[in-house]
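The residues making up each chain are set out below.
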Amino acid sequence: MQKTIGVLTAMSVEYRQVAAMLQDAETVKSGPQEFLVGSLGESKVVLLQCGIGKTNAATGVTNLIMTFHPDCVISTGVAGGIDTRLDVMDVVIGKEVCYHDVYCGDNCDPGQVQGLPRLFKGDERLVELASTLKTDVHIVSGLICSGDQFITNRDELDVIKGKYPQGLAVDMESGAIAQVCHLWSIPFLSFRIISDTPGVKAHFKQYLNFWDTMADKSFAVTKEFLSKI
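Residues numbered from 1 in each chain as written. Predicted model: local features only at pLDDT ≥ 70, side-chain atom pairs only at ≥ 80, totals over all residues. Heavy atoms only, no water.

**Q** Would you mind showing me how to read the state of the cysteines here?
**A** What we call a disulfide is simply a covalent bond connecting the sulfur atoms of a pair of cysteines. Evaluated as defined, the whole model comprises zero disulfides. Cysteine C72 shares no disulfide, and the gap to the nearest cysteine sulfur, in C181, comes to 9.1 Å. What makes C72 buried here is its relative accessible area of 4%. In this structure C108 is a free cysteine whose sulfur lies 5.2 Å from that of C104, the closest cysteine sulfur available. (Disulfide = S-S within 2.5 Å. Buried < 20%, exposed > 50% of the residue type's maximum accessible area, 1.4 Å probe, protein only.)

**Q** Help me out: how do you make sense of the layout of surface pockets in this one?
**A** Empty space among the atoms can be located by rolling a probe the size of a water molecule over them. Estimated volume of the largest pocket: approximately 240 Å³. As for the largest pocket, its lining consists of 20 residues, and the residues nearest its centre are V78, F150, V170, D171 and M172. Within the residue set of the lining of the largest pocket, elements represented by two or more residues are β5 (72–81), β9 (167–171), β10 (188–196) and α6 (203–218). Residue classes in the lining of the largest pocket are distributed as eleven nonpolar, four polar and five charged. (1 Å grid on protein atoms, 1.4 Å probe; cavity = no way out; pocket = protein on both sides within 12 Å on 5 of 7 lines; lining within 4 Å. Points joined across faces, edges and corners; volume = space filled by probe spheres on them. Helix = DSSP H or I, 4+ residues; strand = E, 2+ residues; numbered from the N terminus. Nonpolar A, V, L, I, M, F, W, Y, C, P; charged D, E, K, R; others polar.)

**Q** Help me understand the pattern of salt bridges, please; the structure alone is not making it clear to me.
**A** Tallied over the full model, the rule gives eight salt bridges. When the shortest N-O distance is used, the salt bridge between E173 and R192 registers 3.4 Å. One end of the pair, E173, is in the loop between β9 and α5 (174–184); the other, R192, is in strand β10, and 19 residues separate them in sequence. E173 sits in the buried class, given a relative accessible area of 4%. Of the charged contacts, one joins K228 and E224 as a salt bridge, the two residues approaching to 3.7 Å between their closest N and O atoms. With K228 and E224 both in helix α7 (residues 220–228) and four residues apart, the pair spans about one turn of that helix. (Salt bridge = Lys/Arg side-chain N within 4 Å of Asp/Glu carboxyl O.)

**Q** Looking at this model, I keep getting lost on helix α4 (residues 154–163). Mind explaining?
**A** For the α-helix, the turn length of 3.6 residues means that residues three or four positions removed from each other point alike. Along α4, the positions that sit buried rather than exposed are L157, I160 and K161. The buried residues of α4 occupy an angular sector of 95° when the element is viewed end-on, so they sit on one face. With respect to the buried face of α4, the exposed residues turned more than 90 degrees away are D155, V159 and G162. On the buried face of α4, the contacting elements are β8 (139–146) and β9. (Arc of directions from axis to C-beta. Contact = heavy atoms within 4.5 Å.)

**Q** Can you walk me through a nonpolar patch on the surface in this structure?
**A** A cluster of nonpolar side chains, namely M66, L183 and W184, defines an oily patch on the protein surface of about 340 Å² accessible area. With respect to the element layout, M66 can be found in helix α2 (residues 54–68). Residue classification places M66 among the exposed residues on the basis of a relative accessible area of 51%. (Patch = residues over 30% accessible without salt bridge, like charges linked within 9 Å, V, L, I, M, F, W, Y side chains within 5 Å. Areas by Shrake-Rupley, 256 points an atom, 1.4 Å probe, with all protein chains shown as cover.)

**Q** Got a minute to help me understand unusual backbone geometry in this structure?
**A** Most peptide bonds are trans, and most residues other than glycine sit at a negative phi. For D24, which is not glycine, the phi dihedral falls at a positive 50°. Assignment of secondary structure puts D24 in strand β2 (residues 23–30). Classification of D24 by relative accessible area gives exposed; the value is 72%. Positive phi values are uncommon outside glycine, yet M89 reaches one of about 85°. Relative to the assigned elements, M89 resides in the loop between β5 and β6 (91–99).

**Q** Please clarify how the side chain of D83 should be interpreted in this entry.
**A** Secondary-structure assignment places D83 in the loop between β5 and β6. In this structure the side chain of D83 is engaged in a polar contact, spanning 2.9 Å, whose partner is the side chain of R85. Side-chain polar atoms of D83 contact the side chain of K161, separated by 3.5 Å. Non-local contacts of D83, meaning those with residues more than four positions away in its chain, are made with K161, G167 and L168. (Polar contact = N/O pair within 3.5 Å; in protein donor to acceptor, adjacent residues only side chain to side chain.)

**Q** Please explain the side chain of H100 as it appears in this structure.
**A** Within the secondary structure, H100 sits in the loop between β6 and β7 (120–121). According to the relative accessible area criterion, H100 is buried, its value standing at 3%. Beyond its immediate chain neighbours, meaning those up to four positions away, H100 contacts C145, S146, G147, Q149, I151, I160, K163, Y164 and V170.

Remember that the coordinates give geometry; whether it matters functionally is a separate question.
Quick look at the structure:
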């Protein structure tokens, strides 16, 4: 039976990279969102540009799940690297995903939504598959931290690392998508390319340079991963 893979990106630049991978693609509108439905290898792929941030991500993935009933959901695109082991163009596999900007009171751990896990686990099979890709790209599995902030300076980064010393990358969507998939019991993985390293000199220029010169090569590993699912 053909598998259905749900894929979410936040921004149009990320969306275009993934859309270019699909064959026989057509647009399907459901509620406020337009999905691109096509094929990649033997799988059906449902792609959505959900928009930036947790609310857009949660709304988009809920609509995707209810409309298309995917076998798994992938959050992909770029992220900021917050660990010295990582450079631009490396890939972080979200073995775990958390919120860095949630506080529900003293009866909950920092980052924990009351009644839910502090850390959302990436699907074990998807983590293993992503970790064993045959590629020259440096791939690391670990913790991705999400929040409604574009992290730009060292002070912001230090606050996150203080809460989550093991954190490898920051983004603005994976936590919300992971939470919805947890509630729906849908296998999930965040697969993120490092586009910049917050806290370094000329950080935003580094981010822009990624899109100008490195994006096409970097997203090839995303295609390799999706085609293996």
